[in-house]
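A closer look at the structure
Here is what each chain is made of, one letter per residue.
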Amino acid sequence: MEDNKQEPLSPREAPTEEIEVSAPAGAETASAQDASTPPASTPPAGGKSIKKNYFYNLVYQLFLVVVPTVVTPYVARVLGDEGSGQYSFTYSLLTYFTLFAALGFGYYAQRLVAKHQGDKRQQSIDFWEVMIARAVPVVATLAVYLLLIFLGVYEEKYKLLMIILTIEVVSVFFNIAFFFQGNEEFGKTVLRNVIVKSLGIAAIFLFVRDAGDLWVYALIQALTVFFANISLWLYLPRALTRVSLSDLHPMAHLKPAFFLFLPTIATSVYTSLDKTFIGLITHSDSENGNYEYAEKLVKMAMMAVTSLGVVMIPRNARKFEERDLAGVRDNINRSTRFVLCLGIPMTLGIVAVADNLIPWFLGGGYDKAANLMKLLAPLILIIGLSNVFGLQYLVPSGQDKRFTIAITAGAFTNLALNCVMIYFFASYGAAVATLIAEAVVTLIMYLFIRRDIDFLKTVLSSWKYYVGGAVMFPVCFFLGERLSPSVAHTLLLVGIGIGIYLVMLLILREEYLMSALRKAKKILSRKKNKEGE
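What you see is a predicted model, and the numbers here were worked out from it, not measured in a lab.

Quick look at the overall build of the protein chain now. Broken down by element type, the protein chain carries 20 helices and zero strands. A burial count over the protein chain gives 58% of its 533 residues as buried. Accessible area of the protein chain: about 21,300 Å², with a carbon and sulfur share of 68%.

If you want it as structure tokens, here you go:
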């Protein structure tokens, strides 16, 4: 099943919930007190737990890992590589329209809400101004989308899917995840998404039975997004207060949202254009099917690394507002170490396990997917770091222009490389182009923040993770080459890899792991003392 992406810009996941194409969010109703009512107090950002919000977000991201683990093998076999490729190509086209409809309001609105935590009236004004302003691009985009469909621009085999996916364009308007993310209330979005997506999973198993049910699959996906968006509106009555229309100035938000829309468009070049170009250049739905699942499996692993970024955006925005630059630097350094700690073993693990995983997980017809996974594996580290530099520093500090420059440079790099690489190497070329483009983005973002953040010091001090990965990889790769593809053998490889990595960190006495063990020991001793009493 398609990932619900978090409210930030794009699937670079980042996930994210990133501008949501299959976005989790809410829908609308307002509520009310008088405009003269004094603002209700809300706990300040500093009082909300990063660990707790990260846990909520990680729980949801882990849920998104479990979902494809259960659904992907079924869908891959039922729809086949051709049907999966058709959906992938159609969805890549849809992405451009949902991006235009969202117009950069994802990060912008989240940051706006985060700055006014504790001021219920101002947040109410912000909310309604954003929603009114957002209606402008949504209506305009929907009109163009429907016009192109009925003018017969798309091939006949894609037309029905495009009509069904109109629901997702409409869903963009009802996406209010920004409000709860800006208030660091991640529990609400997690609960809602788990419930709605679980119902979607059940519907797929009940109603998608063969390749002819591709349109049913698309409808279930679109309705899942729509109802996920609508559901968050149930929380609004207590979160907002009544405001007067004369207090609202929605058009003032279009310009700043548009500036964040520019990197959104650029990002879409290498999150969707690769699939679009694979379809246009190779005319092969099978190539797109292999690329789609390889990318999806890599992004499943990436979720654990990028989950922290969504939580840190409002936290760092608040710290910048309070001019707590030391706190921001500390958060960035910790986030960088976190990315390296998880990203290194995950990247190496995918390379070692891919050949054993793909044959039993996807079934026949996906011969290229394993090699594509190996090519795309470094994205975990590359995008993980760009999330730290961009989403945790540049965006919260209001450096939208620099963020846009980095993303745009990556987009042009990817566009140029896609035109050449896909022509000669098909989906392999798309994978290499994506890797290079993401590396360009990360490098430029680093150059922008290098004077504010001591990144190299953090990288050098993280040597224990490199040693752990260097010991783990050859063992797993050697075993992977000799074990036949099966569920048991893949799980064995993963278990051995995790075990070796953790043992090495224990031997090297890695500080975060040792700290976690000390805390666990204290908790256990408290429980024993209570039981003894």
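Don't stop here, the text continues.
Their axes nearest at 8 Å, the elements helix H13 (residues 325-362) and helix H14 (residues 369-376) cross at an angle of 150°. The crossing of H13 and H14 is right-handed. Residues Ile350, Val351, Ala354, Asp355, Leu357, Ile358 and Leu362 of H13 form the contact with H14, whose own contacting residues are Ala369, Ala370, Met373 and Lys374. Residues belonging to the contact of H13 with H14 are distributed by class as follows: nine nonpolar, no polar and two charged.

This part takes up the packing of aromatic side chains. Counting across every chain of the model gives 24 aromatic pairs. Aromatic pair Trp128 and Trp233: ring centres 6.5 Å apart, planes at 50°, arrangement tilted. With Trp128 in helix H3 (residues 120-150) and Trp233 in the loop between helix H8 (214-231) and helix H9 (236-239), this residue pair connects regions lying 105 residues apart in the sequence. The exposure class assigned to Trp128 is buried, which follows from its relative accessible area of 16%. Through a chain of ring-to-ring contacts, three or more aromatic side chains come together here, namely Phe127, Trp128, Phe178, Phe179, Phe180, Trp233 and Tyr235. Above the plane of the ring of Tyr428 lies Lys368, whose end atom (NZ or CZ) is 4.4 Å from the centre.

Looking now at the packing of helix H4 (residues 156-164) against H8. Where H4 meets H8, the axes come as close as 9 Å, and the angle between the chain directions of the two elements is 20°. Classified by the angle their axes make, H4 and H8 are roughly parallel. Crossing of H4 over H8 shows right-handed handedness. Residues Leu160, Leu161 and Ile164 of H4 touch H8, and the partners they reach there are Leu214, Trp215, Ala218, Leu219 and Ala222. Counted by class, the contact of H4 with H8 contains eight nonpolar, no polar and no charged residues.

Negative phi characterises most residues that are not glycine, and trans characterises most peptide bonds. We note that His283 has phi near 55°; this positive angle belongs to a residue other than glycine. Following the sequence through the fold, His283 ends up in the loop between helix H11 (273-282) and helix H12 (285-321). Take His283: its relative accessible area is 67%, and that puts it in the exposed class. At Ala426, a residue that is not glycine, the phi angle is positive and equals roughly 55°.

Before going further, it helps to examine helix H19 (residues 487-507). Relative to the 30 Å expected for 21 residues at 1.5 Å per residue, H19 spans 30 Å between its end C-alpha atoms, a close match to the ideal helical length. For H19, the set of buried residues is Thr490, Leu493, Gly497, Ile500, Tyr501, Met504 and Leu505. In an axial view of H19, the angular spread of the buried residues amounts to 130°, which keeps them on one side of the axis. Of the residues in H19, the exposed ones pointing more than 90 degrees away from the buried face are Ala488, Leu491 and Ile507. At the exit of H19 stands Arg509, carrying a positive phi of roughly 55°.

A cluster of nonpolar side chains, namely Val420, Tyr423, Phe424 and Phe425, defines an oily patch on the protein surface of about 490 Å² accessible area. Residue classification places Phe425 among the partly exposed positions, given a relative accessible area of 46%.

By the secondary structure assignment, Ala211 is in the loop between helix H7 (186-207) and H8. If we ignore the near neighbours within four places in the chain, the residues touching Ala211 are Val78 and Leu79.

Our focus in this paragraph is the pattern of salt bridges. Following the criterion strictly, the structure yields eleven salt bridges and no others. Here Lys275 and Glu295 are joined by a salt bridge, their closest N and O atoms 2.7 Å apart. Here Lys275, found in helix H11, pairs with Glu295, found in helix H12; they are 20 residues apart in sequence, far enough to count as distant. The exposure class of Glu295 is buried, given its relative accessible area of 4%. The shortest N-O distance in the salt bridge between Glu510 and Arg337 comes to 3.5 Å. Of this pair, Glu510 sits in the loop between H19 and helix H20 (511-532) while Arg337 is found in helix H13, placing the two residues 173 residues apart along the sequence. For Glu510, a relative accessible area of 2% puts it in the buried group. In this structure Arg337 comes out as buried when scored by relative accessible area, which is 11%. What emerges from the salt-bridge pattern is a single network uniting Lys275, Glu292, Glu295, Lys296 and Lys299.

Analysis parameters
Along each chain, residues carry numbers from 1 onward, in the same order as the chain's sequence is written. The predicted nature of this model means local features are confined to residues of pLDDT at least 70 and side-chain atom pairs, given and counted, to a pLDDT of 80 or more, with totals for whole chains, interfaces and linings taken over all residues. Side-chain figures throughout are based on the complete set of non-hydrogen atoms in the structure, without hydrogens or water. Secondary structure elements follow DSSP: runs of H or I no shorter than four residues count as helices, runs of E no shorter than two count as strands, and numbering proceeds from the N terminus. Three labels apply to residues, based on accessible area from a 1.4 Å probe with only protein chains included: buried if under 20% of the type maximum, exposed if over 50%, partly exposed otherwise in between. Every accessible area reported is derived by Shrake-Rupley at a probe size of 1.4 Å, with residue values counting cover from the shown protein chains alone. Orientation is described by axes fitted as lines to C-alpha atoms, over the contacting stretch for helices, and by angles from 0 to 180 degrees between their N-to-C directions. Crossings are classed by handedness, with left-handed meaning an anticlockwise turn of the near helix from the far one by less than a right angle and right-handed meaning a clockwise turn. Throughout, a contact is declared for two residues whenever any of their heavy atoms are within 4.5 Å. Gly is put with the polar residues, along with every residue not named as nonpolar or charged; the nonpolar set is Ala, Val, Leu, Ile, Met, Phe, Trp, Tyr, Cys and Pro, and the charged set is Asp, Glu, Lys and Arg. Between the rings of Phe, Tyr and Trp (Trp by its six-membered ring), a pair exists once the centres lie within 6.5 Å; its type follows the angle of the planes, with under 30 degrees stacked, over 60 edge-to-face, and the other angles tilted. Lysine and arginine charges are scored as sitting over a ring when NZ or CZ, respectively, is within 6 Å of the ring centre and within 35 degrees of the ring normal. Relative orientations are named as follows: roughly parallel for angles under 35 degrees, roughly antiparallel for angles over 145 degrees, roughly perpendicular for angles from 65 to 115 degrees, and oblique for any other angle. An expected span of 1.5 Å times one less than the residue number is assigned to each helix. Summarising the geometry, the arc corresponds to the directions from the helix axis toward the C-beta atoms. Patches here are clusters of residues that have more than 30% relative accessible area and form no salt bridge, with a 9 Å joining cutoff for like charges and a 5 Å cutoff for nonpolar side chains (Val, Leu, Ile, Met, Phe, Trp, Tyr). One side-chain nitrogen of Lys or Arg within 4 Å of one carboxyl oxygen of Asp or Glu is enough to make a salt bridge.

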